[in-house]
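Next come the chains, spelled out residue by residue.
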Amino acid sequence: MTVWTLLAVALGGFAGGALRGWLTTVLRPCDGFPRGVLVANVAGSLALGLATTALPAGSPVLALAGAGFCGALTTWSTFSLDLVVLLEHRRHRTAAGYALLSLGAGLLAAALGLLLGTWLQESLTP
Amino acid sequence: MTTPPSAGTHVLLVAAGSAVGAVLRFLLDTAAGGGWAALWTLNLAGAALLGLLTGLLAGRRSARWLAPLLGPGLLGGFTTFSAVLVLTVGSTGPVAAVAQLGAMTLLGALAAWAGLVLARRLHPHGDVPAEARR
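Here the structure is a predicted model, which is why all the values come from computation and not from measurement. (Residues numbered from 1 in each chain as written. Chains lettered and ligands numbered in written order. Predicted model: local features only at pLDDT ≥ 70, side-chain atom pairs only at ≥ 80, totals over all residues. Heavy atoms only, no water.)

**Q** Before we go on, may I ask you to explain the packing of aromatic side chains in this structure?
**A** When we look at a pair of aromatic rings, we describe it by the centre distance and by the angle of the planes. Under the definition given, this model contains five aromatic pairs over all chains. A centroid spacing of 5.5 Å and a plane angle of 80° characterise the contact between F33 of chain A and Y98 of chain A, whose relative ring orientation is edge-to-face. Here Y98 of chain A lies in helix 5 (residues 92-124) and F33 of chain A lies in the loop between helix 1 (3-26) and helix 2 (35-54), a separation of 65 residues in the sequence. In terms of burial, F33 of chain A and Y98 of chain A fall into one category: buried. Each member of the aromatic cluster is reached from another via a ring pair, and the members are F33, W76, F79 and Y98 of chain A together with F81 of chain B. (Phe/Tyr/Trp six-rings, centres within 6.5 Å; stacked < 30°, edge-to-face > 60°. Helix = DSSP H or I, 4+ residues; strand = E, 2+ residues; numbered from the N terminus. Buried < 20%, exposed > 50% of the residue type's maximum accessible area, 1.4 Å probe, protein only.)

**Q** How should I be thinking about the interface of chain A and chain B in this particular structure?
**A** By a widespread convention, an interface's size corresponds to the accessible area lost as its parts come together. At the junction of the two partners, chain A supplies 47 residues and chain B supplies 48 residues. Carbon and sulfur atoms make up 76% of the area that chain A and chain B hide from each other, which totals about 3800 Å². Applying the counting rule to chain A against chain B returns one salt bridge. The partner of E88 of chain A in a salt bridge is R120 of chain B, and the shortest N-O contact between them spans 3.0 Å. Mapped onto the side of chain A that touches chain B, the elements with two or more residues apiece are helix 1, helix 2, helix 3 (60-73), helix 4 (77-88) and helix 5 of chain A. Here the element with the most residues in the side of chain A that touches chain B is helix 1 of chain A; it accounts for 13 residues. Within the side of chain A that touches chain B, the residues separate by chemical class into 23 nonpolar, 20 polar and four charged. (Contact = heavy atoms within 4.5 Å. Buried area = accessible area lost by both parts, 1.4 Å probe. Salt bridge = Lys/Arg side-chain N within 4 Å of Asp/Glu carboxyl O. Nonpolar A, V, L, I, M, F, W, Y, C, P; charged D, E, K, R; others polar.)

**Q** Explain the packing of helix 1 (residues 7-31) of chain B against helix 3 (residues 63-78) of chain B to me, please; I cannot follow it from the model alone.
**A** Pairs of packed helices are described in terms of their axes, by the angle between the two and the distance that separates them. All names here are of chain B. The N-to-C vectors of helix 1 and helix 3 enclose an angle of 35°; their axes lie 6 Å apart at closest approach. Handedness of the helix 1/helix 3 crossing: right-handed. Looking at side-chain class alone, the contact of helix 1 with helix 3 contains 13 nonpolar, seven polar and one charged residues. (Axes fitted to C-alpha atoms, helices over the stretch in contact; angles between N-to-C directions. Left-handed = near helix turned anticlockwise from the far one by under 90°.)

**Q** How should I be thinking about the confidence of the model for chain A in this particular structure?
**A** A residue-level look at chain A finds 100% of positions with pLDDT of 70 or above and a mean pLDDT of 95. Mean pLDDT per element in chain A: helix 5 of chain A is the minimum at 96, and helix 4 of chain A is the maximum at 98. (pLDDT = per-residue confidence, 0-100.)

**Q** How should I be thinking about the pattern of salt bridges in this particular structure?
**A** All names here are of chain A. Counting across every chain of the model gives two salt bridges over all chains. The salt bridge involving D31 is made with R91; its shortest N-O contact spans 3.7 Å. Here the residue D31 occupies a position in the loop between helix 1 and helix 2, and R91 occupies one in the loop between helix 4 and helix 5, the gap between them amounting to 60 residues. A relative accessible area of 26% means that R91 is categorised as partly exposed.

**Q** Honestly, the UniProt feature "binding site: Na(+)" (unreviewed entry) in chain A in this entry has me stumped. Any pointers?
**A** Annotation from UniProt places "binding site: Na(+)" (unreviewed entry) at G71 and T74 of chain A. Excluding anything up to four places from it in sequence, G71 of chain A contacts G66 of chain A together with R25, G77, T79, T80 and S82 of chain B. Structurally, T74 of chain A can be placed in the loop between helix 3 and helix 4. Overall, the relative accessible area of 0% leaves T74 of chain A in the buried class. With near-sequence residues (within four places) excluded, T74 of chain A lies in contact with R20, A40, N41, G44 and S45 of chain A together with G76, T79, T80, F81 and S82 of chain B. There is a polar contact of 3.0 Å between the side chain of T74 of chain A and the backbone oxygen of C70 of chain A. (UniProt positions renumbered as here; feature names shortened; annotations may be inferred. Polar contact = N/O pair within 3.5 Å; in protein donor to acceptor, adjacent residues only side chain to side chain.)

As structure tokens, then:
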């Protein structure tokens, strides 16, 4: 690990965090449903699937795009706390829907990203 | 209660915190050799700390800046959703991986709740501010 790799992660993390911060600002929770975090988590899962298969393993560009950007665009802590807040407000069905939609759409997005990345990697390799 | 910072300031605070959180996650993940063990550790620790932080900052003036910087910023960037989902999909045992995903969701919520409950005992006069939850 070099200092350049850490800088790449920090730069990617800044950009990913900025995008998530912006998404939660424009997509305010709708009736308590955290739309912004859902979009960030699903989009980030697709992008990470794509990045891990299309970019060379151990490269600084993967550190920037993967661990940095996609890692910071998506979040587990806010996902967890939002579930708790919904449950404390007795919004059990909204909490269950939010969890299931995040995980279901996240799995589909990650699978799609992995497929796209593999296809892209194969078509670019002579 | 104080007014939350402008949208642009909020985005910058989250971005700055996320940059530091992402580097800490990368260092921990690399030291642990990657995989599920590292993701369990940092996601549960991050969820518990976010609950604690949100409860402790509730109703404080400093929450205006500190909540976005440390909450969705530092801890949001420290924890990750995408790596867990990609690891689940890429796993050779899909049933066990999906079970771990479900378990991490339940235990993550439990960790965040435990942090929040602890904070309310330490600082009983606050309420969860909206900006800390974004």
